[in-house]
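A look at the structure
In case you want the letters, here they are:
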Amino acid sequence: MASDTRAGVPNAGPAGPKSRKSVTGTRGTVAALFLLPALVLLGALVVYPIGYSVVRSFYDQSGDGFAGIDNYQALFTDDGIRTALKNNIIWVVFAPTVATALGLVFAVLTERVRWGTAFKLVVFMPMAISMLAAGIIFRLVYDQDPDKGVANAVWVGVHDTFAQSSAFPKAHPGRESPLEPAGGGAFITERTVSAGDTVTLPLVGVAPDLMPDDARRAVAPKPQGDRITGTTWQDFTRGKGVGTLNAVDAAELGYAGMRIEAVKDGKVVETATAGDDGTFSLSSKADGARLRLPADNFEEPYNGLDWLGPSLVTPAIIGSYIWMWAGFAMVLIAAGLAGMPRELLEAARVDGANEWQVFRRVTVPLLAPVLAVVTVTLMINVLKVFDLVFIIAPGSSQDDANVLALELYRKGFAEDQPGIASAIAVFLLLLVIPVMWFNVRRLRREVRR
């Protein structure tokens, strides 16, 4: 007979059994019931908001009038949105690239040191900090005051190592002073000096508590044969009516380190530097010259860079982002590096390749899939960056640091323009979709291998 009619065995036709079980033994109906709550949440929290945002982007501010594509036209005509779009391009180009490159370098180098695991832990630790906390940290790091901001403290320290800052930025001649302005912030004596003269160069304007630590009580100049001697000092004594004008008094301090130039016929013929007590001495070369206090004596002390100013605020915030996410890139790349076939690296070394050639021609090509996944993931992440920009950028330069996610918040809540805010949200979604599609395709390709 063509069909099996044994007892207990149904005659299965070509259509097969009506219900099938998965490899785990779970029926499709049961699986659907378990997935239903997740599908409901997905629809309520993702699908519905996306659909509502798309619809709302075609309506005006009130939500009653149809605006067509006016809200989308605003994306390319509104100055704030255009600045945000430009900054987003900068973020997408530089932040993922630098973070991935640093992660690659860290992952490769830490393989060669004993304390590599500890280093990876330290680099990865910022990932445990929220964007809000990181923003507060870097708002302090980038503070303009070198006494508060770490970045400017380091920058000013390096600068002052090679270029001495002035200790007398507010100093200037007082009443009936023998000095007069020489242009450009410098001061010069009204009369020429002669060999054997003593010269007094009194100044005021520096608070006693801001005088240099090495300043000592000023000493009146004493004649020294054919030399020209003098004193430059703070001609001020606390208390009304105390002290003599343009004369060195007992409680007054010398301008330690003040530079003096002897100028004759427009040329500097000799220079001197005041001692701790403000005294200085010039040779007979200065005979017939006028004494000048150059402008660099009175320059404002170097205060570092304006990290959160209009020109540097975006690179500064990108730096804080890299600090957080370089550890993420390092960990993923290190995982890829651990699975790399070592015999290929050894074969390249045996063939005579140096370490740089092995890295460039073997390690990087083998890690290309991992590097692509890390870079694309970070690109998606930076398109949504909001917290760091909102917290780090001060109000005076927030417009210059603006990004699309921040502009969405400002349009939707601060400026009450929900139509344009919805258009920005849809635009961000459209920017993210191609990147996600590329990532999914690459992952599928890797699975097939």
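Presented here is a report on the structure given in the accompanying data block. Please read these numbers as outputs of a predicted model, since none were measured by experiment. (Residues numbered from 1 in each chain as written. Predicted model: local features only at pLDDT ≥ 70, side-chain atom pairs only at ≥ 80, totals over all residues. Heavy atoms only, no water.)

**Quick notes on the packing of helix 8 (residues 342-350) against helix 9 (residues 355-383)**
Axis separation between helix 8 and helix 9 bottoms out at 10 Å; the angle between their running directions is 150°. Judged on the interaxial angle alone, helix 9 and helix 8 are roughly antiparallel. Read as a crossing pair, helix 8 and helix 9 show a hand that is right-handed. Judged by residue contacts, Leu-344, Leu-345, Ala-348 and Arg-349 of helix 8 engage Glu-355, Val-358, Val-362, Thr-363 and Leu-366 from helix 9. Residue composition of the contact of helix 8 with helix 9, grouped by class: six nonpolar, one polar and two charged. (Axes fitted to C-alpha atoms, helices over the stretch in contact; angles between N-to-C directions. Helix = DSSP H or I, 4+ residues; strand = E, 2+ residues; numbered from the N terminus. Parallel < 35°, antiparallel > 145°, perpendicular 65-115°, else oblique. Left-handed = near helix turned anticlockwise from the far one by under 90°. Contact = heavy atoms within 4.5 Å. Nonpolar A, V, L, I, M, F, W, Y, C, P; charged D, E, K, R; others polar.)

**What about the side chain of Ser-57?**
Positionally, Ser-57 belongs in the loop between helix 1 (28-56) and helix 2 (70-77). Non-local contacts of Ser-57, meaning those with residues more than four positions away in its chain, are made with Gly-68, Asn-71, Tyr-72, Gly-419, Ser-422, Ala-423 and Val-426.

**A look at the sheet that holds strand 3 (residues 198-203)**
Pairing is mixed across the open sheet formed by three strands, whose spatial order is 3-4-7. Two strands in the sheet have a free side with no partner beyond their single neighbour: strand 3 and strand 7 (279-282). Each adjacent strand pair in this sheet contributes to an overall mean axis angle of 20°, direction not counted. One ladder, built from four bridges, connects strand 4 (residues 228-234) with strand 7; its direction is antiparallel. Following the sheet pairing, Thr-231 is matched in strand 7 by Thr-279. (Pairing = 2+ DSSP bridges.)

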